[in-house]
Amino acid sequence: MSLLDISPYVRAAHLYNYRGERDEQRRRGYSYAFHLFTEGHGQMIIQDVCYPISSGTFIFIRPGEWHTFEHAQMETMDAYNLYFDLWSVPTPHQPSFAYEWDQFEPEWMTAIRSCSELEQLPTSMSLRSYPHLIDLMKLTMVAFNQQGTYAREAASSLLKSWMLQWSHIATATKPMDERIAVVVEQMDNHPESRFSHEEWCDLSRLEKSQFYRLFKQETGMTPKAYLLDARMKKACVMLMESRQSITHIALELGYDSIHYFTNQFRAKYGVSPSSYRMGRAHHEIKRFS
């Protein structure tokens, strides 16, 4: 079998903030799982192997693998989480994982097929240089959480597209150039900072023309566009995860004017920051009601 033969079925898709709660402790899944971290630092222990976590880290968990989440001291970690099947449709209300203290039920395990392409995919990979994959992951989650007859089918179709694109990238491309990776990490972790071109060049140890050419080659974006994208992503997290005012969030992100922040946010997402926050809050209320 190949990845073209998969028929993904999304069980759950949500944003989660890891902060040391009991339900983040050691567990193993009945289904496949993706974890795309967007904020914070820490590590995941998967089958007794440690994988460092930072913004952009993507984790692929296979069914039955023991894993646990550990955030860095004084930090939390935000992640987009997807739980899914690839070859079957689970029975209603079938759990996605069992904790160490639970009774593991083998009959709840998802179907597993022999697929060499799937087996070659990495457990951990940075997606910082592949913003289109990050955006497609978000679209998959949005599709799943929409109210509609075909929401789950739409999400499953998007997930298959994601799997095919990721497989090509993960198996056919080289890691990001370290000179650019260190700048990207700084942008991801501190998008609110006012970086100068000289600082980027010093950090990468590249001349200005070399830096801009290599950055665009590695990320597909200019440094300015990438930094703005990172800033907008952090704005979304702050709007969803905090009760800070829009003005305070704008200041935290380095904006002198709330109007400029609002205009950039609306240009990126099509809605104002306040509308985005209200829409997400309304969705969460409906999802859990």
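Every value quoted in this text rests on a predicted model; they were computed, and no experiment measured them. (Residues numbered from 1 in each chain as written. Predicted model: local features only at pLDDT ≥ 70, side-chain atom pairs only at ≥ 80, totals over all residues. Heavy atoms only, no water.)

## Considering the sheet that holds strand E4 (residues 42-46)
- Spatially, the 5 strands line up as an open sheet ordered E5-E4-E7-E2-E9, and their pairing is antiparallel. Where the open sheet ends on each side, the last strands, each with one partner, are strand E5 (49-53) and strand E9 (97-99). The sheet shows a mean angle of 30° between the axes of neighbouring strands, direction not considered.
- Across 3 bridges, strand E2 (residues 27-29) lies against E9 in antiparallel orientation. Directly across from Arg 27, in E9, lies its bridge partner Tyr 99. (Pairing = 2+ DSSP bridges. Helix = DSSP H or I, 4+ residues; strand = E, 2+ residues; numbered from the N terminus. Axes fitted to C-alpha atoms, helices over the stretch in contact; angles between N-to-C directions.)

## Quick notes on the nonpolar core
- The biggest cluster of nonpolar side chains holds 35 residues, and the ones touching the most others in it are Phe 34, Leu 118, Leu 127 and Trp 166.
- If you list the elements that add at least two residues to this core, you get strand E1 (9-18), strand E3 (32-39), strand E6 (57-61), strand E8 (77-85), helix H2 (131-145) and helix H3 (151-172).
- Residue contributions to this core peak at 7 residues, all from H2.
- Sequence-distant contacts of Leu 118, defined by excluding residues within four places in its chain, comprise Leu 3, Tyr 32, Phe 60, Arg 62, Leu 86, Trp 87 and Met 163.
- Ranked by size, the runner-up nonpolar core spans 16 residues in total, among them Ile 180, Val 183, Phe 195 and Phe 215. (Core = buried A, V, L, I, M, F, W, Y, C linked by side-chain atoms within 4.5 Å. Buried < 20%, exposed > 50% of the residue type's maximum accessible area, 1.4 Å probe, protein only. Contact = heavy atoms within 4.5 Å.)

## Structural notes on the packing of aromatic side chains
- With the rule as written, the count across this model stands at 30 aromatic pairs.
- With 5.2 Å between their ring centres and 55° between their planes, Tyr 255 and Phe 261 make a pair best called tilted. Like Tyr 255, the residue Phe 261 is buried in the burial classification.
- Taking the ring centre of Trp 66 as reference, the NZ or CZ of Arg 26 above it sits at 4.2 Å.
- Above the plane of the ring of Tyr 255 lies Arg 231, whose end atom (NZ or CZ) is 5.5 Å from the centre. (Phe/Tyr/Trp six-rings, centres within 6.5 Å; stacked < 30°, edge-to-face > 60°. Lys NZ or Arg CZ within 6 Å of the ring centre and 35° of its normal.)

## Thoughts on the pattern of salt bridges
- One pass over the structure, following the stated rule, counts 8 salt bridges.
- Across the pair Asp 85 and Arg 11 runs a salt bridge, and its minimum N-O distance is 2.7 Å. Here the residue Asp 85 occupies a position in strand E8, and Arg 11 occupies one in strand E1, the gap between them amounting to 74 residues.
- We classify Arg 11 as buried; its relative accessible area is 12%. (Salt bridge = Lys/Arg side-chain N within 4 Å of Asp/Glu carboxyl O.)

## Considering the confidence of the model for the protein chain
- Predicted confidence across the protein chain gives a mean pLDDT of 88, with 96% of residues reaching 70 or more.
- Looking at the elements of the protein chain, mean pLDDT is at its lowest for helix H10 (residues 273-288), recorded as 61, and at its highest for E6, recorded as 95.
- For the stretch residues 281-289, pLDDT sits under 50, and the model shows 4 contacts to residues farther than four places along the chain or on other chains. (pLDDT = per-residue confidence, 0-100.)

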